[in-house]
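Summary of the model geometry
One-letter residues, chain by chain:
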Amino acid sequence: MHDSPHDVYARCLPNSRGYPLWFPEPSNTLPTTYQQDGLQIGDVGVVDPTGRFDVLFNISQPSHHALHQRRG
């Protein structure tokens, strides 16, 4: 199996600190204000197979925040 381009790029980082996002722009499935502001401190998520960061929730926001409503 071949590594994806973003995996190869991540492996080549000199300090191996952090993870480069292949698509750094916010997902269009996020609430509009979140799309405008971008990622926030406290965001928890996963890097999907295409290299996008999928925000699951934010530990700094209250449970009724719009970000949390999209997943139920």
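The sections below set out a description of the structure shown in this document. (Residues numbered from 1 in each chain as written. Predicted model: local features only at pLDDT ≥ 70, side-chain atom pairs only at ≥ 80, totals over all residues. Heavy atoms only, no water.)

**Structural notes on the overall build of the protein**
To be explicit about the condition: In this text, helices come from DSSP runs of H or I with a minimum length of four residues, and strands from runs of E with a minimum of two, each type numbered from the N-terminal end. The buried label applies to any residue whose accessible area, calculated with a 1.4 Å probe on protein chains only, is under 20% of its type's maximum; exposed applies above 50%, and partly exposed to all values in between. Two residues qualify as a contact provided that any one of their heavy atoms is within 4.5 Å of a heavy atom in the partner residue. Note that accessible areas follow from Shrake-Rupley with a 1.4 Å probe, and for residues the cover is restricted to the protein chains shown.
Counting its regular elements, the protein contains three helices and two strands. Counting from the amino terminus, the protein carries its helices and strands in the arrangement α-α-β-β-α. Put simply, the protein has 72 residues, and 21% of those count as buried. Considering only contacts in the protein between residues 6 or more positions apart, those separated by 24 or more positions represent 30%. Here the protein displays about 5,400 Å² of accessible surface, and carbon together with sulfur accounts for 56% of that area.

**A word on the pairing of strand S1 (residues 43-47)**
For the record, the criterion: Only when DSSP finds a minimum of two bridges between them are two strands counted as paired.
By the bridge criterion, five bridges tie S1 to strand S2 (residues 53-58) in an arrangement that is antiparallel. For Val-47, the partnering residue across the bridge sits in S2 and is Phe-53. Linking S1 back to S2 in an antiparallel pair, the connection comprises five residues, with Gly-51 at a positive phi of about 95°.

**Comments concerning the side chain of Asp-43**
To keep things clear, this is the line we draw: Any pair of N or O atoms that falls within 3.5 Å is considered a polar contact. Within protein, one atom must be able to donate a hydrogen and the other to accept it, and sequence-neighbouring residues count only if both atoms are side-chain atoms.
Within the secondary structure, Asp-43 is located in strand S1. Residue Asp-43 is classed as buried on the basis of its relative accessible area of 16%. A polar atom in the side chain of Asp-43 sits 2.6 Å from the backbone nitrogen of Gln-40. A distance of 2.7 Å separates polar atoms of two side chains, one belonging to Asp-43 and the other to Asn-58. Apart from the residues lying within four places of it in its own chain, the contact partners of Asp-43 are Tyr-34, Phe-53, Val-55, Phe-57, Asn-58 and Leu-67.

**As for the environment of Val-44**
By the secondary structure assignment, Val-44 is in strand S1. Through-space distance from the C-alpha of Val-44 to that of Val-55 is 5.8 Å; in sequence the pair is 11 residues apart. Here Val-44 is in contact with Phe-53, Asp-54, Val-55, Leu-56, Phe-57 and Ile-59, once residues within four sequence places are set aside.

**Comments concerning the environment of Ser-27**
Tracing the backbone shows Ser-27 in the loop between helix H1 (5-11) and helix H2 (32-37). Distance from Ser-27 to Arg-52, taken between C-alpha atoms, is 7.8 Å for residues 25 residues apart in sequence. In terms of polar contacts, Ser-27 uses its side chain to reach the side chain of Thr-29, at 2.8 Å.

Don't take any of this as a statement about function, it's just geometry.
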